[in-house]
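# An overview of the molecular structure
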2 protein chains.
Amino acid sequence: MNIEKTPAPSVIGRIPERLLLGPGPSNAPQSVLDAAAQPLLGHLDPFFSTILQELQAMLRAVFRTENLVTYAVSGTGSAGMQTLAANLFEPGDTVLVGRNGVFGTRICDALQRMAVEVVPIDAPWGSPIRLEDIEQAWRRTPRPTALWIVHAETSTGLLQPDMQAIGEFVHRNRGLFLVDCVTSLGGAPVEIDAWHVDAAFSGTQKCLNVAPGLAPVTFNERALRKVAARNLPVTSWYFDLDAIRRYWIEQEGGGRLYHHTAPISSIYSLHEGLRLVLEEGLEARWNRHRRMAGALQAGLTALGFTYRVKEASHRAPMLHAVTLPPDLESAVRPKLLAEHGIEVGAGLAAWAADTWRIGLMGVNASEEVVLRLVDTLEKYLPAKKGAGRKAAEATLQADGG
Amino acid sequence: MNIEKTPAPSVIGRIPERLLLGPGPSNAPQSVLDAAAQPLLGHLDPFFSTILQELQAMLRAVFRTENLVTYAVSGTGSAGMQTLAANLFEPGDTVLVGRNGVFGTRICDALQRMAVEVVPIDAPWGSPIRLEDIEQAWRRTPRPTALWIVHAETSTGLLQPDMQAIGEFVHRNRGLFLVDCVTSLGGAPVEIDAWHVDAAFSGTQKCLNVAPGLAPVTFNERALRKVAARNLPVTSWYFDLDAIRRYWIEQEGGGRLYHHTAPISSIYSLHEGLRLVLEEGLEARWNRHRRMAGALQAGLTALGFTYRVKEASHRAPMLHAVTLPPDLESAVRPKLLAEHGIEVGAGLAAWAADTWRIGLMGVNASEEVVLRLVDTLEKYLPAKKGAGRKAAEATLQADGG
């Protein structure tokens, strides 16, 4: 092969700086990036053991759970979904799934491939799954096993309300309650224990500001009992919870059992990312996301953008799905990247043509970022010059300093 | 939770330097580590597209293949195994698997969980799978689909011989030939196309000297036809080749289709790691591994270590499984780590008590490393002081400078 003789010149040293305001990855603080460049340790090294243990404790704090089995799957966010699906369900199970965007649809797909019975509970994109629809679907379904809900739908910008009431309903009916909190974790309240969530998964590259590559998951005792009661083995060797927990959780007499080689550098980064999240404090972080979302919303609205989620209280603070003002071409999106180094996301599926998805995740939920984005958008909307910034600043001022 | 109020002090800045001479991870060059700390890009950013494309070209060169579908699975080495298993097979298929160590056994386990019929072809640990045993097993098996072989068995240090002859036999019989080259890739000849390998997987943390977290895989047209001819969907959404290839391989009209968010930083590192491998040149790299393996072998043998692979020509140059001299306690292994910062691996399964696994992978296949290890071991073998170094140096000298 030719390339062997002429290795590619390294482009890695020339990676441009971007302001990542799409649906993820978000920008990572330098200390999180630098963590990945620390010296490698063996995956059974006692020092690495300490790192794993601290990471798990921090993950429990961020998930607001006491669940022992809380770890990071060696794969990106969707590997967390796959871990829940593969371990908790088998043919014969029936799972109700909230389907009001791409990620709920993805869960249905993942389960159906495994020959698990899926009962979708639909709502229009941008609208929440209604509690009464859940109750009705549960009652008319013969022997449902579980309900699986997406907390923040990254395709629509919807933040699902009524999480605790849904959890209580599912538990009263002896079902399992599963939650996708990929986009919400670290940016809006996620209360695994208080909401009666039995298993959940997340990603690192959204509000935790860590490079993609790991999927935090948590399982409570009810979920583990379901895994233990399986009739068939977990078909995925790679995601087998029963084996992997023996690596993450020290066995009696000390020691961890090898399953697969842990992604050492990614774990360093997640450790540092979680440390920064907890240093700020979860409530402070949620509040910051809420404030900056309000400012961005005021700015975008003043510039003529329209939110796809109509009900303001259902909007996810970290992901703004908006249609463009009539005087803005959608071709401005690649220009924002090429000319200003700002990435915003395109809409998915049916919304690909006319929707942008703007993320304000973790460190990017800041006054500076909101104003930079609004100022930059105004360059393409000369008739509204100044209106976006003015509205954003007024909202920030009204919402405390 | 308490920890939220008192975030753990960062241990990440205090990670000790280790010389990683276990079964992997190996040490990574600083430029490979630093690559992971470069600014994050979006997974659909045009600049990232260039990185993906270059990475794929380099991966093809390292695998010695022209296969279009050659990419890095978003998971550690075993995720590559899972990708091959999940996409190529389904109930009704019968797969012959070489089983002479932990990793062949793992492949059997992965396939059996999927209700695929497995016909193990056994050999004692440390001995190769014999071509005549393969031929016999193939003939007495009704309608075999494939043969799956581990090239370098990391549990035993065996390098499987006769790869091309095995590939030719399997193809003459219209089967698929699958290879696990996790440990061999970049450290010993791996010839995907010349050996008639239809699909293979590897890892990054062995002879490629990149942190664990990605699994290079390659599929040829014969393998892709088998995937296309499936009766049932691939049960794993996360590893679904058909969807993932639409992200890695640009679609007509340009563009990549979103499946899951690629692990950006890990991909930077693999790009840099592959660049360094090709900059040295594969043949030079293989030769270096061979020379350093000879030196280490001479040194260890002079110190009284015994190779578990009896036939010298079957020993993998990058992984030395040895039993200890009678005058060396196995408790020296943790001392090597704690007192000298040198990691060597324990034996696996039946060999846990009395075997060490010593890796010389990638950058660690160097004169300096071999002599440092031998010198350090001699501290615990005072009666043999100097003998190991002397034998190692003599071998290096005899094998050209």
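Residues numbered from 1 in each chain as written. Chains lettered and ligands numbered in written order. Predicted model: local features only at pLDDT ≥ 70, side-chain atom pairs only at ≥ 80, totals over all residues. Heavy atoms only, no water.

### Looking at unusual backbone geometry
Residues and elements named next belong to chain A. With an omega of 5 degrees, the peptide bond running from glycine 24 to proline 25 counts as cis. Within the secondary structure, proline 25 is located in the loop between β1 (19-21) and α2 (30-35). The phi torsion at asparagine 209 lies on the positive side, around 60 degrees, for a residue other than glycine. Structurally, the position occupied by asparagine 209 is in the loop between β9 (199-201) and β10 (215-219). (Helix = DSSP H or I, 4+ residues; strand = E, 2+ residues; numbered from the N terminus.)

### A few points about the interface of chain B and chain A
The interface is formed by 88 residues belonging to chain B together with 89 residues belonging to chain A. Between chain B and chain A, a total of about 7200 Å² is buried, with carbon and sulfur atoms accounting for 65% of that surface. One can count 4 salt bridges joining chain B with chain A. Asp240(B) is the salt-bridge partner of Arg113(A), the closest N and O atoms lying 3.0 Å from each other. Where chain B meets chain A, there are 16 residue pairs in polar contact (both at pLDDT 80 or more). If you list the elements that add at least two residues to the side of chain B that touches chain A, you get α1 (2-5), α2 (30-35), α3 (46-63), α4 (77-88), α5 (102-113), α10 (264-280) and α11 (282-302) of chain B. Counting residues per element, the side of chain B that touches chain A draws most heavily on α10(B), at 9 residues. Each residue belonging to the side of chain B that touches chain A can be placed in one class, and the counts come to 46 nonpolar, 24 polar and 18 charged. (Contact = heavy atoms within 4.5 Å. Buried area = accessible area lost by both parts, 1.4 Å probe. Salt bridge = Lys/Arg side-chain N within 4 Å of Asp/Glu carboxyl O. Polar contact = N/O pair within 3.5 Å; in protein donor to acceptor, adjacent residues only side chain to side chain. Nonpolar A, V, L, I, M, F, W, Y, C, P; charged D, E, K, R; others polar.)

### Details of the packing of aromatic side chains
The full count for this structure, using the stated rule, is 22 aromatic pairs over all chains. On the basis of an interplanar angle of 65 degrees and a centroid distance of 5.8 Å, the ring pair of Tyr238(A) and Phe239(B) is categorised as edge-to-face. Residue Tyr238(A) is located in the loop between α8 (221-228) and α9 (241-248), and its partner Phe239(B) is located in the loop between α8 (221-228) and α9 (241-248); the two belong to separate chains. Owing to a relative accessible area of 1%, Phe239(B) belongs among the buried residues under this scheme. Seen from their ring centres, Tyr71(B) and Trp248(B) are 5.8 Å apart, and the 40 degrees between their planes marks the pair as tilted. Of the two residues, Tyr71(B) is situated in strand β2 (residues 69-73) and Trp248(B) in helix α9; the sequence distance between them amounts to 177 residues. (Phe/Tyr/Trp six-rings, centres within 6.5 Å; stacked < 30°, edge-to-face > 60°. Buried < 20%, exposed > 50% of the residue type's maximum accessible area, 1.4 Å probe, protein only.)

### Observations regarding the nonpolar core
As a rule of thumb, nonpolar side chains are buried together in soluble globular proteins. Counting residues in hydrophobic clusters, the biggest one holds 203 residues, and the most contacted among them are Trp148(A), Phe219(A), Trp148(B) and Phe219(B). Ignoring anything within four residues of it in the chain, the contact list for Phe219(B) reads Asn67(B), Val69(B), Tyr71(B), Thr83(B), Leu84(B), Leu88(B), Asp198(B), Ala199(B), Leu224(B) and Leu241(B). (Core = buried A, V, L, I, M, F, W, Y, C linked by side-chain atoms within 4.5 Å.)

### Here we look at the sheet that holds strand β14 (residues 355-359) of chain A
Residue and element names in this part refer to chain A. The sheet built from 5 strands is open, its strands ordered β1-β13-β14-β12-β11 with mixed pairing. Pairing within the sheet leaves two strands with one partner each, and these edge strands are β1 and β11 (306-307). When strand β13 (residues 342-346) meets β14, the two strands line up antiparallel, connected through 2 bridges. Within β14, the position partnered with glycine 345 by the bridge is arginine 357. (Pairing = 2+ DSSP bridges.)

### Re the state of the cysteines
Residue and element names in this part refer to chain A. Taken as a whole and judged by the stated rule, the model has 0 disulfides over all chains. Here cysteine 181 is not disulfide-linked; the sulfur of cysteine 207 is the nearest cysteine sulfur, at 11 Å. Classification of cysteine 181 as buried rests on a relative accessible area of 0%. Note on cysteine 207: relative accessible area 1%, which makes it buried. (Disulfide = S-S within 2.5 Å.)

### Things to note about the sheet that holds β10(A)
All names here are of chain A. Pairing is mixed across the open sheet formed by 7 strands, whose spatial order is β2-β10-β9-β8-β5-β3-β4. Whereas interior strands pair on both sides, the edge strands pair on one side only; in this sheet they are β2 (69-73) and β4 (117-122). Pairwise comparison of adjacent strand axes, ignoring direction, gives a mean angle of 15 degrees for this sheet. Inspection of the sheet shows strand β3 (residues 94-99) paired to β4 by 6 bridges, in the parallel sense. Within β4, the position partnered with threonine 94 by the bridge is glutamate 117. The strands touched by helix α4 (residues 77-88) are β2, β5 (146-150), β8 (176-180), β9 and β10; relative to β10, the strand with the most contacts, the crossing angle is about 30 degrees. (Axes fitted to C-alpha atoms, helices over the stretch in contact; angles between N-to-C directions.)

### Focus: helix α12 (residues 332-340) of chain B
Along α12(B), the residues classified as buried are Val332(B), Leu336(B) and Leu337(B). All buried residues of α12(B) lie within an arc of 150 degrees about the axis, which places them on one face of the element. Among the exposed residues of α12(B), those oriented more than 90 degrees off its buried face are Ala338(B) and Glu339(B). Looking at the packing, one finds that the buried side of α12(B) touches α3 (46-63) of chain A together with β13 (342-346), β14 (355-359) and α13 (367-379) of chain B. Two residues or fewer past α12(B), Gly341(B) is found with a positive phi of approximately 65 degrees. (Arc of directions from axis to C-beta.)

### Thoughts on the packing of helix α11 (residues 282-302) of chain A against helix α14 (residues 387-398) of chain A
All names here are of chain A. At a closest axis distance of 7 Å, the pairing of α11 and α14 adopts a crossing angle of 150 degrees. Accordingly, the angle class assigned to the pair α11 and α14 is roughly antiparallel. In this structure, α11 crosses over α14, and the sense of that crossing is right-handed. Residues Arg291, Met292, Gly294, Ala295, Ala298, Gly299 and Ala302 of α11 form the contact with α14, whose participating residues are Ala387, Gly388, Ala391, Ala392, Thr395 and Leu396. Partitioned by chemical class, the residues of the contact of α11 with α14 number 8 nonpolar, 4 polar and 1 charged. (Parallel < 35°, antiparallel > 145°, perpendicular 65-115°, else oblique. Left-handed = near helix turned anticlockwise from the far one by under 90°.)

### Considerations on the relation of the copies chain B and chain A
The two copies are related by a screw motion: chain B maps onto chain A through a turn of 180 degrees and a shift of 0.0 Å along the axis, at an RMSD of 0.0 Å. Such values leave the two copies arranged in the relation of a two-fold axis. Residue Gly75(B), judged by its C-alpha, is the member of chain B lying nearest the rotation axis, at 2.5 Å. Here 100% of the contact residues of chain B are again contact residues in chain A; the copies associate through an equivalent surface. (Least-squares fit on C-alpha atoms with pLDDT ≥ 70 in both.)

### Brief notes about the side chain of Arg291(B)
All names here are of chain B. Note that arginine 291 resides in helix α11. Residue classification places arginine 291 among the buried positions, given a relative accessible area of 14%. At 3.5 Å, the side chain of arginine 291 forms a polar contact with the backbone oxygen of leucine 396. Among the polar contacts made by the side chain of arginine 291, one reaches the main-chain carbonyl oxygen of aspartate 399 at a distance of 3.0 Å.

### As for the environment of Met318(A)
Residues and elements named next belong to chain A. One can find methionine 318 in the loop between β11 and β12 (319-323). Sequence-wise, methionine 318 and phenylalanine 47 are 271 residues apart; in three dimensions their C-alpha atoms are separated by 35 Å. Not counting chain neighbours up to four residues away, the residues in contact with methionine 318 comprise Ala152, Thr183, Ser184, Gly187, Ala188, Cys207, His289, Ile358, Gly359, Leu360 and Met361.

### Re the confidence of the model for chain A
All names here are of chain A. For chain A, the average pLDDT comes to 96, and 98% of its residues sit at 70 or higher. Mean pLDDT per element in chain A: helix α1 (residues 2-5) is the minimum at 44, and β9 is the maximum at 99. Taken as a whole, residues 1-6 scores under 50 in pLDDT and shows 11 contacts with residues more than four places along the chain or in a different chain. Per the prediction output, this complex has pTM 0.97; the corresponding ipTM is 0.97. (pLDDT = per-residue confidence, 0-100.)

### So, the packing of α4(B) against α5(B)
Residues and elements named next belong to chain B. Packing of α4 against α5 leaves a shortest axis separation of 10 Å and a crossing angle of 45 degrees. Classified by the angle their axes make, α4 and α5 are oblique. Here the hand of the crossing between α4 and α5 comes out right-handed. Every residue of α5 that contacts α4 at Ser78, Met81 and Ala85 is listed here: Arg106, Ile107, Ala110 and Leu111.

### So, the pattern of salt bridges
Evaluated as defined, the whole model comprises 46 salt bridges over all chains. Arg256(A) is paired through a salt bridge with Glu250(A); the nearest N and O atoms lie 3.6 Å apart. Classification of Glu250(A) by relative accessible area gives partly exposed; the value is 33%. In this structure, the salt-bridge partner of Arg389(B) is Asp375(B), at a minimum N-O distance of 2.8 Å. A residue pair is termed long-range when its members are at least 10 positions apart, and Arg389(B) in helix α14 (residues 387-398) and Asp375(B) in helix α13 qualify at 14 residues. Asp375(B) sits in the partly exposed class, given a relative accessible area of 25%.

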